[in-house]
Each structure stands twice: as C-alpha cells, then as structure tokens.
Amino acid sequence: MKVTLSALNTHESSFTPLVVIELAQDVKEETKEWLKNRIISRKKDGGAQLLFRPLLNKYEKETLENQNLYLVGASRIRLLLGAEAVGLVKECSDNTMRAFMYGTRHNFKGFDDDNDDFLTMAERQFIIKHELESLRARDEKMIPGYPQAKLYPGKSLLRRLLTSGIVIQVFPLHDNEALKKLEDTWYTRFTLKYQPIDSIRGYFGETIALYFGFLEYFTFALVPVAVLGLPYYLFVWENYDKYVVFASFNLIWSTVILEVWKRGCASMTYRWGTLVMKRQFEEPRPGYHGVLGINAVTGREEPLYPSYKRQLRIYLVSLPFVCLCLYFSLFVMMIYFDMEAWALDLHENSRSEWTSILLYVPSIIYAIVIEIMNRLYRYAAEFLTSWENHRLESAYQNHLILKVLVFNFLNCFASLFYIAFVLRDMKLLRQSLATLLITSQIFNQIVESLLPYWLQKKQHVKVKKKVQALKADIDATLYEQVVLEKEMGTYLGTFDDYLELFLQFGYVSLFSCVYPLAAAFAVLNNLTEVNSDALKMCRVFKRPFSEPSASIGVWQLAFETMSVISVVTNCALIGMSPQVNALFPESKADLILIVVAVEHALLALKFILAFAIPDKPRHIQMKLARLEFESLEALKQQMKHVAENLKEDWREGGKEEAP
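Just so we're clear, the structure is a prediction, and the values are computed from it rather than from any experiment.

Points about the overall build of the protein chain
Looking only at helices and strands, one finds 21 helices and 10 strands in the protein chain. Counting the 659 residues in the protein chain, one finds 48% classified as buried. The long-range share in the protein chain, meaning contacts at least 24 apart out of those at least 6 apart in sequence, stands at 74%. Carbon and sulfur atoms form 63% of the exposed surface of the protein chain, whose accessible area is close to 33,400 Å².

Below you can see the structure in the form of structure tokens.
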C-alpha cells in the first residue's frame, strides 16, 4: 500500500532548522504570508508541507537587527517521504542497493523508528531544496504584492522569487557539532593519512566527496612518477634519449590511473547509491527565458526559445569573442618573450648575481598574468554562456566548460609549445615550465584559501562583537551562526578545483621528458591542497547543497584528452633531441617516420589498455545486472497483474450484457 503525505501528520511544533531563506529587507507582509502558506501547506493543496518559522520572534526583532531570515525544516516522516520522492538509493538488509520506499522502510539496513541518522544531513538538506524548488504556481498570475513578477501555471516559485530579488538567497546551515567531528578527522592535524571520504559525503554530499576522493587518488598516483623522475633529474639531465623509458612510463601511467579511477569511482558511488539512482527529467535552468508556450515533451507550460537563435548567438558572438581572447592571450605571450629576451641580454652584459635572479622574473610575472587572465575570462565566459540562453543546466555547464578549457589550455601551455617546437630551447622550456607550475600553485593557494580565510576571520570577529554588545536576554547562538553564515561567500561548485587539477596534469604529462620534477612539485602542492580545500569548505564558504553524482562527469573525458595530447608532445620532444637526431645524420625523413610510428604504437597501447580495463569491477557489474533483471521481472509481474484485472473487468462486463 502506497503511503501518501495527506494521510500522515507531518507537523511539529519545534524542529531542527536545516535551511535558511533570506528575504529582501523591503518585502511586503502579504508576500511573506503567501510564501509561508505555500511552504507549510499540504502537498495536495500545492504546498511543500515543510516546517517554517522566522529566525527571530516579535520581541527579538525589536531587540536585534531584523534580518528577514527564516528557518526551514521538516518532520522525520516528511523527510522519509521526500527521500522516496527524490529517488534516494539505500542499502537493504540483504546488502543490495535499492530505491528507498517508505512502505518498506524496515527492509533497509540501519533503519529504526527511533533512529534519526538513517538519512545523512546532506540528504536531508537536499530533500528540503528539492521540495522548495518543486513549489509551482497554480492559479496565481503574479507574486502577491509584486504585480510585475508574473507567474504562470507550473512556474517554479523559488526561481521566480530569486530572479525578482524578493528572495536574496537560500542556503543550508552548518551542523557545528558534526562539522567539528569532521574537521578533527580531516584536516586539523597535518598528517599523511587517508581522508574520511564517507564522512565528507555524509556532510557535503557525493559531488564534493568525489572531488576530494579524486584529489587524494591523483596525489597518490603521482608518487611513482615523482620517485622515478628524481634520479632522471639528478643524473641524466641533458641526455634526452634516456628519457624514452621515463616518457613511455608516464604515457602508460596516465592511461592506467584514469581507468583505475573509473573502477574505484564506480565502487564508491555504488556504495553511496548514486550509481543506481534513476536520473530525473531535467527542468529548465533558472536563467532560461523565452516566449511562454507548451513543451512538446512534457506538455507543461514553460518559456520556449528557438534553437536557431541560440546557434546564431553562439557562432556570431560567442565564437568570435573566444577567438579574440585567444589572440589576446598569444599577444601577451609575445610580450613575455620580449621580456625574456631583455632579461637575457641584461644578464649576458653584466653577469651579476641579481641579473641571474632577474632571469626568472619574466616567467613569474607571466605566470601571475596567466592566472589573472584565466579568472577574468571565466567571468566573461559565464556571462556569454548565460546570454546564449541554454534551457538545461547540463547544456549550460558543457558549453561553459568547453569555453574555459580551450582558453585555459592555450593561455597556460601556448608559451611552452612555442618554446619547445618553434624556439627549440630546452633550457628555457625547463625554466618556464618550473616557474609557471610553482608560481600558479602558490598563487592559487593564496587566492583560493588563505586570503578568503583571513577575510572570513575578520568578519567572524565583527559579528561576534556585535552579538556580544547586544543587551538582549536571549540565546543568540543560533542568531550568531545564521548571521555569520549568510555573510560567507557562496561555493560555486567543483569547476575551479577540477580545472586546477586538469592544468596540473597537463604540466606533469605534456613535457614529462623535459622536466621530470614536475610530478614531485605537484605531489607537494596537493598535500597542502587537500587541507586548504578542506578549510575552504568548512570555514570559508557557506555550506553548499549536496548534489548526487555517479562520476566526475565531463572532467574524466578532459583528463583522457590531455593524456592523448601528451603522447604526441613527448614523442615529438624526444624526436627533436640532439642525441636522437645524431642517430639519423643523413635522413630526417626516417627519423620522422620512426617518431610517428612510435607515437601511433603508444596511442594504440593506450586505447588497448583503456579497452582491457573494465570501467566497473566485476562484482559491481553483477550487482547492477541483478538489479536490472529484478526490475524487469517486477515490471513483467505488474503488467501481468494489469492484464488479469483488465480480463476480469471484461468478463464482468460481458456477464452484465448477457440476456
């Protein structure tokens, strides 16, 4: 028997706040009352059936600064029914992973009527977010009190409130006790240990847990390359022919680690339930706009925008702009080479100690300029991709990632390719690669973690003094926490974190035969990156809503593409080395043919390895196949039951018609 919300009492007089809604200061009372009613009303009446209250009561509003902050929570039963609605997958008592059903809740491992830990904090907040986003306009033509904020049947209320500026932000609250436990096992003690990935997943969700899992895996995978590269750096620095073994190892290594990661990722996400979680139909993204019409697939009323207009915007505006930015990046690169030539001339003329240090200054300046340009371009790419008006969030993300990856790849690596294949100056290539890698790592650590943490500490002190100065006979702990967290920066997702690892992977793999120490510097950086990123998540940014993920998505393809490009660059560099050229003094055509043949052989080996290593372990494949078989059998039984009922109805109808 299916249990419905209408049949259950999901009201609680007091509740644990999970999510905060901040309204604009001048929001009208009728709008607040309407929003409250929609949130607390029953599902059958078009509400979310959640729990809702202001942060401050009437007396406290007079005493403290009224921030227009509201707390949202849900009863235990409501959360369990919400878990069924969003399709959360949990482990059953027979060790299989199945979609949670409230009616069969006692069949799931760890479930107890008195146990509140069955759903993780991240899952509870994800359910609240889903229910708030599921609030749809019914008969309303506008938001009460705001005639300019038009509504139509099926329109997401939360998205309309956000785009109208009525709702400032919606964010999940930190659980200070759980956060302290997580910090103690994660980053407060700087020791070499595995991260508590399952605990990170329980607190922040699968998407962030997968990033930290990949960061940890990638760091450990770099260790063999770093260990092998050290003797090459110390003993065979100029003998490029001896780098053939090292470069070949790197190329095989880059393939194997990516394939092994896919297997480990599948095991993790199966254990978490997201590997078998059914993908839901994507709703239009918040910024999508167009003429109101009927969606031919869903039959719902929503904005419609012609695809040809979007294509015109992409090819006539976005593409030329990206090309212009790429040209500007190359222009800045040529300025860098002019600075390098100036520094080299100055050093050759004076041969002093400070001019030898000055040789590194152009590379350091260029590395900082690259990082600044990457960030400025990111804002432009976000604006352009939003202006293109993509209907789905996935399409928006794919176009944004493509724009950013193309520019970042050229901006970061164009100078290295120019030095390697045009100037053919291996000494300058080594120096530039080392400077770019180390400078970018230090710059990112400062900008992404240390500076925001320092600013957040200052804000924390200011809020604490303000609360302590209040002469109010109330418990201001929750008030202080909410006010502090609402002022924190918003974590914009794992995009920048993966991008940083992607560029690092490029520095390590593209020119491994020229600078074997790159992997060692990457390992050292990542050991501190784990802790700085953990600090950033726990203390610098607001807690993000969890997002179920089954893999690292398009970044897997990006890393695999980089590993293919690295085969070509390393083979070309080895073929250009004086030692290898000396083996073919008369016929350069033979050298080119051999280099191309070796490059094709290594690419073939990469693809054979990728094919030979299954993406999922055997036991995971068997479990997924069994789940698919059981789903088909259940569907057959359901169809059989429907057919029998129809046959019975037909017989009953025939008897009534008989004379």
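Having put the structure on the table, let's press on.
Here we look at the UniProt feature "transmembrane region" (unreviewed entry) in the protein chain
Per the UniProt annotation, the sites labelled "transmembrane region" (unreviewed entry) are residues 208-237, 243-261, 314-337, 357-377, 400-421, 501-524 and 591-613. Between the C-alpha atoms that bound residues 314-337 there is a distance of 33 Å. The span itself is 100% helix and 0% strand. Secondary structure across residues 501-524 divides into 71% helix and 0% strand, with the first and last C-alpha atoms of the span separated by 13 Å.

Notes on the side chain of T255
Position of T255 among the secondary structure elements: in helix 9 (residues 243-272). In this structure, T255 is in contact with K606, L609 and A610, ignoring residues within four places of it in sequence.

Structural notes on the packing of aromatic side chains
By the definition in use, this model includes 35 aromatic pairs. Geometrically, the ring pair formed by Y515 and F521 is stacked, given 6.4 Å between the ring centres and 5° between the ring planes. Given the relative accessible area of 27%, F521 is considered partly exposed. The ring of F171 has K542 lying over it, and the distance from NZ or CZ to the ring centre is 5.9 Å. The ring of Y203 has R543 sitting right over it, with the charged end atom 3.6 Å from the ring centre.

Details of the sheet that holds strand 8 (residues 167-172)
Across the sheet, 4 strands lie side by side as 2-3-1-8; this open sheet has antiparallel pairing. The sheet is open, and its two borders are formed by strand 2 (51-54) and strand 8, each paired with just one other strand. Averaged over all neighbouring strand pairs, the angle between strand axes comes to 20°, with direction disregarded. Inspection of the sheet shows strand 1 (residues 19-23) paired to strand 8 by 5 bridges, in the antiparallel sense. Bridging across to strand 8, V19 finds its partner in P172. Strands strand 1, strand 3 (69-73) and strand 8 of the sheet are contacted by helix 4 (residues 121-133), whose axis makes an angle of about 40° with strand 1.

Describing the environment of T31
Counting through the fold element by element, T31 comes out in helix 1 (residues 29-40). Remark: the alpha-carbon pair of T31 and P144, spanning 113 residues in sequence, is separated by 5.4 Å. Once you skip the residues sitting within four places of it in the chain, T31 turns out to touch I143, P144, G145, Y146 and I166.

Remarks on the environment of E448
Structurally, E448 can be placed in helix 14 (residues 426-468). Each C-alpha atom, one on E448 and one on D533, is 8.2 Å from the other, the two residues being 85 residues apart in sequence. Contacts of E448, omitting those with residues within four sequence positions, involve R375, D497, E500, E529, D533 and K536.

Re the nonpolar core
Membership of the largest hydrophobic core comes to 104 residues, with the highest contact counts inside it found for W186 and W555. Looking at which element gives the most residues to this core, the answer is helix 8 (residues 206-235), with 13 residues. Discounting chain neighbours no more than four positions away, the residues touching W186 are K193, Q195, P196, I200, F204, F212, V530, N531, A534 and C538. Judged by nonpolar contacts, the second largest core, of 51 residues, contains V19, A137, L151 and L158.

Here's the deal with the pairing of strand 3
Taken across its 5 residues, strand 3 has 5 buried, putting it largely inside the fold. Summarising the sheet, strand 1 and strand 3 pair through 4 bridges and their orientation is antiparallel. Within strand 3, the residue paired with V19 across the bridge is V72. Of the pairings in the sheet, the one linking strand 2 to strand 3 comprises 4 bridges and is antiparallel in character. Residue pairing across strands places P54 opposite Y70, the latter belonging to strand 3.

Overview of the pattern of salt bridges
A full pass over the atoms with the stated rule returns 26 salt bridges. In this structure, E91 engages K109 in a salt bridge whose closest nitrogen and oxygen atoms are separated by 3.3 Å. Of this pair, E91 sits in strand 4 (residues 89-91) while K109 sits in the loop between strand 5 (97-99) and helix 4; the two residues are 18 residues apart in sequence, bridging distant segments of the chain. Looking at E91, the relative accessible area reads 31%, which means it is partly exposed. The residue D198 makes a salt bridge to R271 at a minimum N-O spacing of 2.9 Å. Here D198 is found in helix 7 (residues 197-204), whereas its partner R271 is found in helix 9, with 73 residues between them in sequence.

Some remarks on the packing of helix 4 against helix 7
Contact geometry of helix 4 with helix 7 gives a least axis separation of 5 Å together with a crossing angle of 25°. Looking at the two axes, helix 4 sits roughly parallel to helix 7. Contacts between helix 4 and helix 7 involve M121, A122 and E123 from the former and R201, G202, Y203 and F204 from the latter. Looking at side-chain class alone, the contact of helix 4 with helix 7 contains 4 nonpolar, 1 polar and 2 charged residues.

Topic: the environment of V530
By the element assignment, V530 lies in helix 17 (residues 518-540). Between the alpha carbons of V530 and T219 there is a distance of 9.5 Å; along the sequence they are 311 residues apart. When residues no more than four places from it in sequence are discounted, the contact partners of V530 are W186, Q195, F212 and L215.

Focus on unusual backbone geometry
Positive phi is not limited to glycine here, since Q49 has a value of about 55°. Secondary-structure assignment places Q49 in the loop between helix 1 and strand 2. Here Q49 falls in the buried class, since its relative accessible area comes to 5%. Even without being glycine, N389 reaches a positive phi, approximately 65°. Judged by relative accessible area, N389 falls into the buried class, the value being 0%.

Notes on a nonpolar patch on the surface
Residues Y308, L312, Y315, L316, V317, L319, F383 and W387 make up a contiguous nonpolar surface patch of about 860 Å² in total accessible area. Among the elements of the structure, helix 10 (307-350) and helix 12 (361-387) are those that each provide at least two residues to the nonpolar patch. Of all the elements, helix 10 adds the most residues to the nonpolar patch, at 6 residues. Checked against the element boundaries, L319 lands in helix 10. Overall, the relative accessible area of 43% leaves L319 in the partly exposed class.

Calculation criteria
- Residues numbered from 1 in each chain as written.
- Predicted model: local features only at pLDDT ≥ 70, side-chain atom pairs only at ≥ 80, totals over all residues.
- Heavy atoms only, no water.
- Helix = DSSP H or I, 4+ residues; strand = E, 2+ residues; numbered from the N terminus.
- Buried < 20%, exposed > 50% of the residue type's maximum accessible area, 1.4 Å probe, protein only.
- Contact = heavy atoms within 4.5 Å.
- Areas by Shrake-Rupley, 256 points an atom, 1.4 Å probe, with all protein chains shown as cover.
- UniProt positions renumbered as here; feature names shortened; annotations may be inferred.
- Phe/Tyr/Trp six-rings, centres within 6.5 Å; stacked < 30°, edge-to-face > 60°.
- Lys NZ or Arg CZ within 6 Å of the ring centre and 35° of its normal.
- Pairing = 2+ DSSP bridges.
- Axes fitted to C-alpha atoms, helices over the stretch in contact; angles between N-to-C directions.
- Core = buried A, V, L, I, M, F, W, Y, C linked by side-chain atoms within 4.5 Å.
- Salt bridge = Lys/Arg side-chain N within 4 Å of Asp/Glu carboxyl O.
- Parallel < 35°, antiparallel > 145°, perpendicular 65-115°, else oblique.
- Nonpolar A, V, L, I, M, F, W, Y, C, P; charged D, E, K, R; others polar.
- Patch = residues over 30% accessible without salt bridge, like charges linked within 9 Å, V, L, I, M, F, W, Y side chains within 5 Å.

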